[in-house]
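Notes for the structure review
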Amino acid sequence: MTNSSKRPPAGLPDKDTLLAFLREAGSAEKTDIARHFGLKGGDRRALREMIRELEEEGKLGKRGRKGFSEAGALPPVGVADVIERDGDGELYVRLVEASADAPRAILMPDKGKPGPAPGLGDRLLVKFQRGGDGWEARLIKKLDVGTNRVLGVIRKSARETRVEPVDRRSKDVLLVPQAQSGDLRDGDLVLAAIEKGEQRFGPKRGKILEHIGKEDDPRAASLIAIYAHGVPTGFSEAVEREAEDQALPTLKGREDLREVPFITIDPADARDHDDAVYAARDEDPKNPNGWIVWVAIADVAAYVRPGTHLDREARDKGNSTYFPDRVEPMLPEVLSNGLCSLKEGENRACLAVRMVFDKDGRKTGHKFVRGLMRAHAKLSYEQAQAAIDGQPDDATGPIMEAILYPLWNAYHAMLKGRLKRSPLQIESAERRIRMAPDGGIASIEKRASLEAHRLIEEMMIQANVCAAETLEQKKTPLIYRVHDAPSQEKIFNLADFLSTIGKPWNKGEPGTTKRFNKLLDETRDGEYADVVNEVVLRTQMQAIYSPDNVGHFGLNLDRYAHFTSPIRRYSDLIVHRGLIRALGFGKDGLTDREIAELPAIAEGVTMTERRSMAAERDAMDRYIAAFLEDRVGATFTGRITGVTRFGLFIRLDETGADGLVPVSTLGSEYFAHDDRAHALVGERTGKRFTLGRKVEVKLMEATPVTGGLVFEMLSEPEPRDPNAPAPRYGIRGRGGDGPPMRGKGRPGGPKPRNGSKPAGGLKGVRKGKRK
């Protein structure tokens, strides 16, 4: 603890004085605080009460078992773990004994420190200080260099037990001590730590931390992804108690919307329903052929209040994470599938927006209300679409005239405005894994794109716009969903690729959504449709959350915020609280402390979204590899979706699976990477494998535990392009001169680290909710 040079007057401090002391000290226990202020007897009891109140107000956070610190603050010096490396290679650390709301800090470079640079998993002693863009950490010294953790599979032999990492990029095979290996079985999934100490030869020593499951468990793919990416699981007892201790909603402080015939339209297997819709003709003679569109969203803010255990864990999770066989929810089931789910026929608290559109789909006004609603029907996308297509069932038949037809007619009017706005029209070839009752994979199929999906998506987008507009009008700070325009470098790379397929793009031409859509329309029915769609997708920046608005390029909107999914996204809950504060809807709105922390909250939810997306993608890869494991040796058609110096990435037509053709297996000559032409080019013959080309491949390896697929190229390369400029050769890959590779042996070069994929851009999900 750092003592102030000037002693304060004896006696109980006020809250501001106590917080100022903790801000300077970094952290302190109750006894330290009492000693500092000279408190005795009744004053010590009053201090405990003051600390409890500050905790409930969210102004204090726990530090260690007994210590306290100002919420969101870091001590001058502390022990921290390196937890993350961003896309630019910057490392971030988090305090080891951190409160739930403690921010991460960027590790600033210090070339004066001897020894190897810190890496992921290292434990450091650092000095913290506030920087211009948040907290910074400066290395004092590395503590436990060997604290890296490895998620792996047990491999037993007669002489030893090893842990083989499930991360296909990791080389840390660990040797498990004999004392720990007795209860372990071949194929067990474990979490292990690399033991400290110097070891010059052979595998590193490992210590088993946790037994997770079995390699051949049908649910292993999602388990591995959860542990590998650090997705938080489950809830504390305090959170479960708070979730269960909630009352049914009443009309107190709410507008009665129970007679508005809202309906929910969701995936058939959805368990939580956070949005409902309704539309009707506008009877205002000043708006001929106009429409009223209602969107009602679960009022999660009524149950998850600032400073509570529920709120802290929801912020830590950031969002729900979805796998084919399970969901790791942001909120406990009693809320996500109970009081916060807009169930048919049950009273539910909501925040609703009433939007007015003219006949050309232009929004002319909107109004938010905090209400009590009741869903009149629960439909799936397929069910609603079938009804509109002339096949109503018992649920949709009675509501066709009053609800479904008006919804579709309103959407068709809104569609005129959307087409005029011209958002990006990238087509997402998403795949859906259907699970069998025994936990295995029944099928992998392309996710259908129905008009019912687009209807809900557009109504949610407009509701999100209304939220951002209202908060701006009321001068209430908010978290925007922002999507920046593509960088000039990305536009140049796109132009280089398009020149190889005869599609001109002036490098000085700005990349507007209309220009991208024109390109997509021109190539939609041609042989390069898929690859142009893919390259345009990769040209886009990633959407993030930010308190600073730069607009949303992909949707072509000046302002946009996420409002429609507070059950599964913390960002939306913050926007709800902002609306409650701005519109005077209650005392559970956005707090001053949250406003001050909006940059940290935005950064946090961006990180948790990326974490979930990576975990979901990895689980999908592993499930697909498990599905294809029995088809090793089979041939498939696919398309080249990535060209790198170490090989070709192939996406199969049948399943959408991605895998690698190693450059070491491509024929009998050296192939060099021409990055300008997006091709691997034979050095002797000039023959080439180019991005977007249709090919036939043989599946050589499928490794479910890593999600890796390795193919052999069966198609011949294209002839030399006589008009192509001389390639700018990168690192060469030697072709195999011997027989085709069999099993794990690879003539002509070492075994590649297979299965990794190039980074993508925006990824659409159901209802466009990651827009």
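Residues numbered from 1 in each chain as written. Predicted model: local features only at pLDDT ≥ 70, side-chain atom pairs only at ≥ 80, totals over all residues. Heavy atoms only, no water.

Below, the discussion takes up the overall build of the protein chain. Summing up its helical and strand segments, the protein chain has 17 helices and 34 strands in all. Across the 771 residues that make up the protein chain, the buried fraction comes to 50%. Expressed as a percentage of contacts within the protein chain between residues at least 6 apart in sequence, the contacts between residues at least 24 apart total 68%. Carbon and sulfur atoms make up 48% of the accessible area of the protein chain, which totals about 35,900 Å². (Helix = DSSP H or I, 4+ residues; strand = E, 2+ residues; numbered from the N terminus. Buried < 20%, exposed > 50% of the residue type's maximum accessible area, 1.4 Å probe, protein only. Contact = heavy atoms within 4.5 Å. Areas by Shrake-Rupley, 256 points an atom, 1.4 Å probe, with all protein chains shown as cover.)

Moving on to the packing of helix H15 (residues 570-582) against helix H17 (residues 598-628). One can describe the packing of H15 onto H17 by two numbers: an axis separation of 9 Å at closest approach and a directional angle of 150 degrees. As the angle between them shows, H15 and H17 are arranged roughly antiparallel. Residues Tyr570, Ser571 and Ile574 of H15 pack against Leu598, Ile601 and Val605 of H17. Broken down by class, the residue content of the contact of H15 with H17 amounts to five nonpolar, one polar and no charged. (Axes fitted to C-alpha atoms, helices over the stretch in contact; angles between N-to-C directions. Parallel < 35°, antiparallel > 145°, perpendicular 65-115°, else oblique. Nonpolar A, V, L, I, M, F, W, Y, C, P; charged D, E, K, R; others polar.)

Our focus in this paragraph is helix H14 (residues 529-539). A large share of H14 lies buried, amounting to nine of its eleven residues. Looking only at H14, the buried set comprises Ala529, Val531, Val532, Asn533, Glu534, Val535, Val536, Leu537 and Thr539. On its buried face, H14 sits against helix H12 (488-500), helix H13 (513-523), strand S27 (635-644) and strand S28 (647-652).

Another point: helix H6 (residues 237-244). Regarding H6, the residues found buried are Ala238, Val239 and Ala243. Each buried residue of H6 lies within a common arc of 135 degrees when the element is viewed along its axis, so the set occupies one face. Exposed and facing more than 90 degrees away from the buried side of H6 are Glu237, Arg241 and Glu244. (Arc of directions from axis to C-beta.)

The backbone phi angle of asparagine 289 is positive, close to 60 degrees, even though this residue is not glycine. Relative to the helices and strands, asparagine 289 is located in the loop between strand S16 (275-281) and strand S17 (291-298).

Another point: the packing of aromatic side chains. Enumeration over the complete set of coordinates arrives at seven aromatic pairs. With a centroid separation of 5.6 Å and an interplanar angle of 75 degrees, the aromatic rings of phenylalanine 21 and phenylalanine 37 are classed as edge-to-face. Of this pair, phenylalanine 21 sits in helix H1 (residues 15-25) while phenylalanine 37 sits in helix H2 (residues 30-37), and the two are 16 residues apart along the sequence. Grouping residues by exposure puts phenylalanine 21 and phenylalanine 37 together as buried. Seen from their ring centres, phenylalanine 516 and phenylalanine 553 are 6.2 Å apart, and the 90 degrees between their planes marks the pair as edge-to-face. With phenylalanine 516 in helix H13 and phenylalanine 553 in the loop between strand S26 (544-546) and H15, the pair connects residues that are 37 residues apart, well separated along the chain. (Phe/Tyr/Trp six-rings, centres within 6.5 Å; stacked < 30°, edge-to-face > 60°.)

Let us now look at the confidence of the model for the protein chain. Put simply, the protein chain has an average pLDDT of 84, and 87% of its residues get 70 or more. Overall, residues 727-769 carries pLDDT values under 50, and its contacts beyond four positions in sequence, including any with other chains, amount to 114 contacts. (pLDDT = per-residue confidence, 0-100.)

The next subject is the pairing of strand S13 (residues 204-214). Residues in a regular strand project their side chains so that they alternate between the two faces of the sheet. Pairing between strand S11 (residues 174-176) and S13: two bridges, direction parallel. Residue pairing for S13: leucine 174 is matched across the bridge by lysine 204. As judged from the seven bridges shared by strand S12 (residues 188-194) and S13, these two strands associate in the antiparallel manner. Following the sheet pairing, leucine 191 is matched in S13 by glutamate 210. (Pairing = 2+ DSSP bridges.)

There is a patch of like positive charges on the surface, built from Lys30, Lys40, Arg44, Arg45 and Arg48. Examining the composition of the positive patch, we find that three residues originate from one element, helix H3 (residues 42-56), more than from any other. Within the secondary structure, arginine 48 sits in helix H3. Look at arginine 48 and you get partly exposed, because its relative accessible area is 43%. (Patch = residues over 30% accessible without salt bridge, like charges linked within 9 Å, V, L, I, M, F, W, Y side chains within 5 Å. Salt bridge = Lys/Arg side-chain N within 4 Å of Asp/Glu carboxyl O. Lys, Arg positive; Asp, Glu negative; His and termini not counted. Charge placed at Lys NZ, Arg CZ, Asp CG, Glu CD.)

Before going further, it helps to examine the nonpolar core. Leu257, Phe262, Ile263, Val295, Leu407, Met459 and Phe563 are the most contacted members of the largest nonpolar core, which has 89 residues in total. Broken down by element, the residue count for this core peaks at ten residues, all from helix H11 (residues 451-473). Leaving out residues up to four positions away in the same chain, isoleucine 263 has contacts with Ala276, Val277, Ala377, Leu379, Ile399, Ile403, Leu404 and Leu407. Within the second largest apolar cluster, 44 residues are counted, among which are Val532, Val536, Val643 and Ile650. (Core = buried A, V, L, I, M, F, W, Y, C linked by side-chain atoms within 4.5 Å.)

A full pass over the atoms with the stated rule returns 43 salt bridges. A salt bridge links glutamate 49 to arginine 52, with the nearest nitrogen and oxygen atoms 2.4 Å apart. Of this pair, glutamate 49 and arginine 52 both sit in helix H3, three residues apart, roughly one helical turn. Given a relative accessible area of 33%, glutamate 49 falls into the partly exposed group. Note on arginine 52: relative accessible area 37%, which makes it partly exposed. Of the charged contacts in the structure, one is a salt bridge between arginine 271 and glutamate 333, with a shortest N-O distance of 2.4 Å. Taken together, the residues span a long stretch of sequence, with arginine 271 in the loop between strand S15 (263-266) and S16 and glutamate 333 in helix H8 (residues 333-339) at a distance of 62 residues. Judged by relative accessible area, which is 52%, arginine 271 ranks as exposed. Residues participating in the shared-partner salt-bridge network are Arg155, Glu164, Asp186 and Glu215.

This part is about the side chain of threonine 523. For threonine 523, the location among the structural elements is in helix H13. Since its relative accessible area comes to 7%, threonine 523 is described here as buried. The contact partners of threonine 523, leaving out residues within four places of it in the chain, are Lys503, Tyr528, Ala529 and Val532.

What follows deals with the environment of alanine 634. With respect to the element layout, alanine 634 can be found in the loop between H17 and S27. The exposure class assigned to alanine 634 is partly exposed, which follows from its relative accessible area of 25%. For the pair alanine 634 and lysine 698, spaced 64 residues apart in sequence, the C-alpha to C-alpha distance is 5.7 Å. Those residues within four positions of alanine 634 in sequence are excluded, and the remaining contacts are Val697, Lys698 and Leu699.

Spatially, S9-S10-S11-S13-S12 is the arrangement adopted by the five strands of the closed barrel, whose pairing is mixed. Neighbouring strand axes in the sheet, compared pairwise and without regard to direction, differ in orientation by 50 degrees on average.

On to the sheet that holds strand S6 (residues 105-108). In space, the five strands of this closed barrel follow the order S4-S5-S6-S8-S7, with mixed pairing throughout. Across this sheet, the average inter-strand angle for adjacent strands is 55 degrees, counted without regard to direction. As paired elements, S6 and strand S8 (residues 134-142) share three bridges and run parallel to each other. Looking across to S8, one finds that methionine 108 is bridged to arginine 138.

Turning our eyes to something else, we now look at the side chain of threonine 539. Assignment of secondary structure puts threonine 539 in helix H14. Residue threonine 539 is classed as buried on the basis of its relative accessible area, which comes to 4%.

With that out of the way, let us pick up the pairing of S17. Within S17, eight of the eight residues are buried, which leaves it mostly tucked inside the rest of the structure. In S17, alternate side chains face the same way, and those of Trp291, Val293, Val295 and Ile297 on one face and Ile292, Trp294, Ala296 and Ala298 on the other are all buried. Where S16 lies against S17, seven bridges are found, and the strand directions are antiparallel. Bridge pairing in S17 places arginine 281 opposite tryptophan 291. Bridge count for S17 against strand S20 (residues 347-357) is eight bridges, and the pairing is antiparallel. Across the sheet, the residue bridging to valine 295 is valine 353, located in S20.

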